[in-house]
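Residues per chain are reported as follows:
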Amino acid sequence: FNLQSNSIVKTNQKTDWDIAFECNSDGWHIILNTSLGGAAANTNSTDFASVNSTNGAEWKWDLHDGNLDSTAIGDYRNTDFVYLIDRGYTPAGNPMGYKKAIFKQIDLQTYQIQVADLNGNNDTTVLIQKDDNINFKAFSFNSNSEVDIEPNKNDWDLLFTQYIHVFQNPTLPYLVTGVLLNRNKTSCAYNDTSSFDNILYDDISNYSFTSNLNAIGYDWKTYDFNSNAFTVLPEKNYIIKTANDTYFKLHFIDYYNSLGEKGAPLFELQSL
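Throughout this description, residue numbers start from 1 for each chain and increase along the sequence as written. The model is predicted, so local features are restricted to residues of pLDDT at least 70 and side-chain atom pairs to those at 80 or more, both for listing and for counting; the totals for chains, interfaces and linings are taken over all residues. Side-chain descriptors were evaluated using all non-hydrogen atoms of the structure, hydrogens and water having been removed beforehand.

A word on the packing of aromatic side chains
By convention, a stacked pair of Phe, Tyr or Trp rings (six-membered ring in the case of Trp) has centres within 6.5 Å and planes under 30 degrees apart, an edge-to-face pair has planes over 60 apart, and any other such pair is tilted. As enumerated under the stated definition, the model contains 22 aromatic pairs in all. On the numbers, 6.4 Å between centres and 70 degrees between planes, the contact of Tyr238 with Phe252 is edge-to-face. Highlighted residues: Tyr238 in strand 15 (residues 237–241) and Phe252 in strand 16 (residues 247–256), separated in sequence by 14 residues. Three labels apply to residues, based on accessible area from a 1.4 Å probe with only protein chains included: buried if under 20% of the type maximum, exposed if over 50%, partly exposed otherwise in between. Given the relative accessible area of 1%, Tyr238 is considered buried. Of the residues examined, Phe252 reaches a relative accessible area of 1% and is grouped as buried. Their ring planes at 70 degrees and their centres at 6.1 Å tell us that Phe252 and Phe267 sit as a pair that is edge-to-face. You can see Phe252 sitting in strand 16 and its partner Phe267 sitting in strand 17 (residues 262–271), a full 15 residues away along the chain. Phe267 matches Phe252 in its accessibility class, with the two residues each being buried. In textbook terms, an aromatic cluster arises when at least three aromatic residues are bridged by ring pairs, as seen for Phe1, Phe160, Tyr190, Trp220, Tyr223, Phe225, Phe230, Tyr238, Phe252, Tyr255, Tyr256 and Phe267. Placement of a positive charge over a ring is assigned whenever Lys NZ or Arg CZ falls within 6 Å of the ring centre and within 35 degrees of the normal to the ring plane. Above the face of the Tyr255 ring, Lys221 is positioned so that its terminal group lies 5.2 Å from the ring centre. For Lys249, the ring lying beneath its charged end belongs to Phe196, and the centroid distance is 4.7 Å. Comment: elements are numbered from the N terminus, with helices defined as DSSP H or I runs of at least four residues and strands as E runs of at least two.

With respect to the sheet that holds strand 7 (residues 124–129)
Strand pairing is assigned whenever DSSP detects at least two bridges linking the two strands. In space, the five strands of this open sheet follow the order 3-4-5-6-7, with antiparallel pairing throughout. Looking along the sheet, the strands with just one partner apiece sit at the ends: strand 3 (39–42) and strand 7. Averaged over all pairs of adjacent strands, the angle between their axes in this sheet comes to 30 degrees, without regard to strand direction. Here strand 4 (residues 83–86) runs beside strand 5 (residues 98–106); their pairing, made up of four bridges, is antiparallel. Pairing of Tyr83 across the sheet is with Ala101, part of strand 5. What counts as an axis is a line fitted to C-alpha atoms, over the stretch in contact for a helix, and the angles between N-to-C directions run from 0 to 180 degrees.

Structure, rendered in structure tokens:
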């Protein structure tokens, strides 16, 4: 979603991709499609053929704040370790299965990866081309190829999506629906003490901005188990600084469409 044009820039089905590769020239991080509940495990083995099960896998998830030092795959460079990828679940709740992968080579322009089914079928080596116009290049295990998911990193501000929030003590990955920031120089501040109308540009210096991807997140709504319905919290206001140093304020008004179907967030937006 682009705040300046108040418009949707691009959409995709969440099952269209599985993992994605950092695209700046010195980038090397790999992220999972957390909208599927995807997870990864390092087998600490370099024998691709011998890895054929998930027994003993220690699964990890990308953290919800988007910190690239806390990805499930982590720092794979110069190891040739085989990674297990749990592809997560379809929207109907059906498991999508597992893949194994070695992230073999990386340079200023490309990644080279080897992927296969756990039984060794569909063994493929692929070159992933970096593209500095986007944050991450997506890859699908369905086609074993790059897929066009992210728009130009300068053309959008917010992503409306499902994603995994990893609760702690105990560790519990949980699928939530919310809003994530663009990694490209976008940040957000929070205000629940002033009314939406009283949030002014003159007060910008008083706010503390964060670039955590889940700065808006999912908890602008609550779930009532008695009524089996969500309630939106319009007193939660968000001040967003875009990549071109413009500011907007935003709060949510509804989570249901005119037919009473959930998952249709309605929000009020204004430039500061």
